[in-house]
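Coordinate inspection notes
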Amino acid sequence: MSEAASSSCVSDAAKRLEEQKARLRSLHTRRNESRKQNHQEVVEEDRRDKLPKNYEAKRQRQEWELEELEKRKEAEEKGQDYDRLKNMQTQADIAEKIDGSKRRKKNPDTGFADYEAMTMRQYQRLTTSLKPDMRNYSEMRQVMGDEQFYPSSNTLIQGNHYPTDSSIDRLVGDIEKQATKRDQYHRRRMFDPEANIDYINERNRKFNQKLDRFYNQYTEDVKQDLERGTAV
């Protein structure tokens, strides 16, 4: 082997050795970076685990409230009604759902618990819907006088208070609403007594109901033809 060839082999070996060392340094660097990132992730996960369960929802709520305050402040600076602008940008069905949710939160209907809770709920509903007529109030006070209008234990009631037509109409409307509400809360019948009996037991009745639910729209014409006797 000539001297030039040997020197060439030595230089190639040295070059490969340098490349391997460079790759090794790169792998060490990447390993240290991965170790550092893993440690940061572990610390962050431990921090999240120590937070309350509702922290994320609470943080999002606070961010939303802060954004709402900034938008409201910006609208007030421009002399605009922020609630009106917000309602104009909200769909009607979504706005109706939000309004219904707010009403249910103020006076939730949890069903019948006891007569005391039912009476309190009725009282809150009536007082909330009550809109006082200050003009009629002042006129009735002048007609009756303070002694009769503000009776005490020693006041003799003479029956000189006469309700207005609007008050009577409001009372009648409220009674009708109560009757309609009571009709909605009735015990649900397990079966329709006027329906055709096409089952042999309870299990078969439920199975037929499932069939009707999914296939009634396709078999209704055939059933009618069978009942009329005109089926082919």
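Cut-offs and rules
- Residues numbered from 1 in each chain as written.
- Predicted model: local features only at pLDDT ≥ 70, side-chain atom pairs only at ≥ 80, totals over all residues.
- Heavy atoms only, no water.
- UniProt positions renumbered as here; feature names shortened; annotations may be inferred.
- Helix = DSSP H or I, 4+ residues; strand = E, 2+ residues; numbered from the N terminus.
- Buried < 20%, exposed > 50% of the residue type's maximum accessible area, 1.4 Å probe, protein only.
- Contact = heavy atoms within 4.5 Å.
- Areas by Shrake-Rupley, 256 points an atom, 1.4 Å probe, with all protein chains shown as cover.

Going by an unreviewed UniProt entry, the protein carries the name Pre-mRNA-splicing factor SYF2 and comes from Plectus sambesii. Here is the UniProt Subcellular location (unreviewed entry) comment for the protein, exactly as written: "Nucleus". Looking at the Sequence similarities (unreviewed entry) heading of the UniProt record, one finds this comment for the protein: "Belongs to the SYF2 family."

**A word on the overall build of the protein**
Each helix and strand counted, the protein has 9 helices and 0 strands in total. Walking the protein from its N terminus toward its C terminus, one meets helices and strands in the order α-α-α-α-α-α-α-α-α. Here the protein, with 232 residues, has 5% of them falling under the buried criterion. Looking at the protein alone, contacts between residues at least 24 apart form 18% of all its contacts between residues at least 6 apart. Surface accessibility of the protein: about 22300 Å² in total, with carbon and sulfur atoms responsible for 52%.

**Examining the side chain of Asn-208**
Along the chain, the position of Asn-208 falls in helix H9 (residues 202–228). Its relative accessible area of 13% is what places Asn-208 among the buried residues. Residues within four places of Asn-208 in sequence aside, it is in contact with Asp-198 and Tyr-199.

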